[in-house]
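Residue-level listing of the chains:
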Amino acid sequence: MNRLLKALLCHSVFGAWLRRLPFAQRLYARIVWSRRMNLMFGVFDSFGEAEAFAAGFGKVGWNDAALAKVLVEGTRPAASPAPPKVLQTSQFAVMLWLMKLLHSRGTVTDLGGAGGGFYELCVQYGLLDRLTRWHVVDMPEVVKRGNERHRALGSSKISFGTDLKAAPRADILLALGSLQCMADPLGERGPGILEGVRASSDVVLINKVPLIDGDDVWTAQNYLSSASPYRLFNRRKFFAYFERHGYRVVDRWAVPELAIEIPFHPERVMTELEGFCFMHDSAIADGSLTSRRPSRSAKPATARRLHCQQKARQSLLHLGP
Ligand SMILES: C[S@@+](CC[C@H](N)C(=O)[O-])C[C@H]1O[C@@H](n2cnc3c(N)ncnc32)[C@H](O)[C@@H]1O
């Protein structure tokens, strides 16, 4: 979408005004949205409504061979050891926490980890020497491609699967830009991600997630070969889910490299997404996380100290509730 059109439709009152003209929206959806990668369209009250809208244009969902190829290989030739083209700023925050936590040994489950691109990035930065296993859970087509790629690369520590319940117990659960794509990640209609694991992870690292103060809404994101619902989470509900399972936020960061722009809905513009480090109460209490800290002389990270760190970071980042 060219910049002027984007500014008019996504950021100005003109875009909101055009919403009154259903034919303008239909025209835009057919001519622009359905023919471009990564664009968002519409605001819906449920995953099902967004899915039904997307179905009117073709294939729906992430389990798609063409999309899997783009996700896993990008524009790289197959099995090229070259790193992913663009390093997203917020990935450094996740890497920092992995660096702090994976200094002895550890296992990771990467939910929605596509072809293991983030694993490759961490290898490139030398973060995974002590890692025992990195298990990606994703859709079948993506897993097939990911497996092929890492077999060709000779990666020794990564494995793939399509079922979170069958994933090995992980010290750290990652969900990087993936929760908003899922039908029921917070277990509102069945098992959510935390009910879907064999045993609780000590740490859940979430990155690139859109949180809003109003009610949950879904939009539809197009990937050319397929389109999928994409959720903007109600902030309170999102935190309540993790808190109910015994997790506390110990760190949060802004994701300035990603934005939400939905044509005809300037009121939904988000200039950044968010990232979080959740730790389980039991891991904080028994010191199992602190025992993985590199410095033996460092004081144990008590819940109180973590709370203070969180408060300090909130005020620094202006992200506090
Ligand atoms: C936007 S991509 C993020 C990929 C990667 N984590 C990153 O940070 O670039 C979302 C990923 O979630 C996966 N995904 C979507 N729904 C899923 C589900 N129900 N279970 C597992 N993975 C899913 C998609 O196939 C895709 O790989």
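A few points on the structure. It should be emphasised that the depicted structure is a prediction, and the values quoted were computed from it without experimental measurement.

Secondary structure assignment for the chain yields 11 helices and 11 strands. A separation threshold of at least 6 residues defines the contact pool for the chain, and within that pool the share at least 24 residues apart is 76%.

Time to look at the sheet that holds strand S1 (residues 37-44). Strand order across the open sheet formed by 4 strands is S1-S8-S9-S7, with mixed pairing between neighbours. Because the sheet does not close on itself, it has two edges, and the strands there are S1 and strand S7 (211-212). Relative to strand S9 (residues 227-234), S7 runs parallel, the two being bridged by 2 bridges. Paired with Ile212 across the strands is Asn234, a residue of S9.

Moving on, we get to helix H4 (residues 47-55). Looking at H4, one finds that the buried residues are Phe47, Ala50 and Ala54. For H4, the angular spread of buried residues about the axis comes to 70°, placing them on one side. Those residues of H4 that are buried lie in contact with S1, strand S8 (217-223) and S9.

Along the chain, the position of Ala259 falls in the loop between strand S10 (247-255) and strand S11 (273-280). When the 13 C-beta atoms within 10 Å are taken as the criterion, Ala259 is described as partly exposed. Once residues lying within four places of it in the same chain are set aside, the contact partners of Ala259 are Met270, Thr271 and Glu272.

Right, let's talk about the nonpolar core for a bit. Of all hydrophobic cores here, the largest spans 76 residues; its most connected members are Ile172, Leu173, Leu174, Ala175, Val203, Leu205 and Cys277. Not counting residues up to four positions away in its chain, the partners in contact with Leu174 are Val108, Thr109, Asp110, Leu111, Gly113 and Leu205.

Glancing now at helix H5 (residues 65-73). Every buried residue of H5 is accounted for by Leu67, Ala68, Leu71 and Val72. One side of H5 carries all its buried residues, which in axial view fall inside an arc of 120°. Phi for Gly74, located one or two positions after H5, is positive at around 60°.

So, on to the environment of Gly117. Along the chain, Gly117 falls in helix H7 (residues 117-124). Accessibility expressed as a C-beta count within 10 Å gives 21 for Gly117, which makes it buried. Sequence separation between Gly117 and Glu73 is 44 residues; the distance between their C-alpha atoms is 8.9 Å.

A few words now on the sheet that holds S11. The strand order S4-S3-S2-S5-S6-S11-S10 describes an open sheet built from 7 strands, whose pairing is mixed. Each edge of the sheet is formed by a strand with only one pairing partner; in this case those strands are strand S4 (158-161) and S10. Adjacent strand axes in the sheet meet at a mean angle of 15°, parallel and antiparallel pairs treated alike. Alignment of strand S3 (residues 131-137) against S4, held across 4 bridges, turns out to be parallel. Residue pairing for S4: Val136 is matched across the bridge by Phe160. On top of the sheet, helix H8 (residues 140-153) reaches S3 and S4; it is set at about 160° to S4, its chief contact.

Attention now goes to the pairing of strand S6 (residues 203-209). Counting buried positions along S6 gives 7 out of 7 residues, so the element sits mostly inside the fold. Two elements, strand S5 (residues 172-176) and S6, share 5 bridges in a ladder whose sense is parallel. In the strand pairing of S6, Leu176 is matched with Asn207. Taken together, the 5 bridges between S6 and S11 define a ladder with antiparallel strand orientation. Its bridge partner lying in S11, Val209 is registered against Glu274.

Let's shift gears to unusual backbone geometry. In this structure, Asn38 is a non-glycine residue whose phi angle is positive, near 75°. Mapped onto the elements, Asn38 comes out in strand S1. If you check the backbone angles, Leu224 has positive phi at about 75° while not being a glycine. Note that Leu224 resides in the loop between S8 and S9.

The rules we used
Residues numbered from 1 in each chain as written. Predicted model: local features only at pLDDT ≥ 70, side-chain atom pairs only at ≥ 80, totals over all residues. Helix = DSSP H or I, 4+ residues; strand = E, 2+ residues; numbered from the N terminus. Contact = placed C-beta atoms within 7 Å. Pairing = 2+ DSSP bridges. Buried ≥ 20, exposed ≤ 12 C-beta atoms within 10 Å, placed from the backbone. Arc of directions from axis to C-beta. Core = buried A, V, L, I, M, F, W, Y, C linked by C-beta atoms within 7 Å. Axes fitted to C-alpha atoms, helices over the stretch in contact; angles between N-to-C directions.

Note that every value here comes from positions in space, so none of it alone points to a role or purpose.
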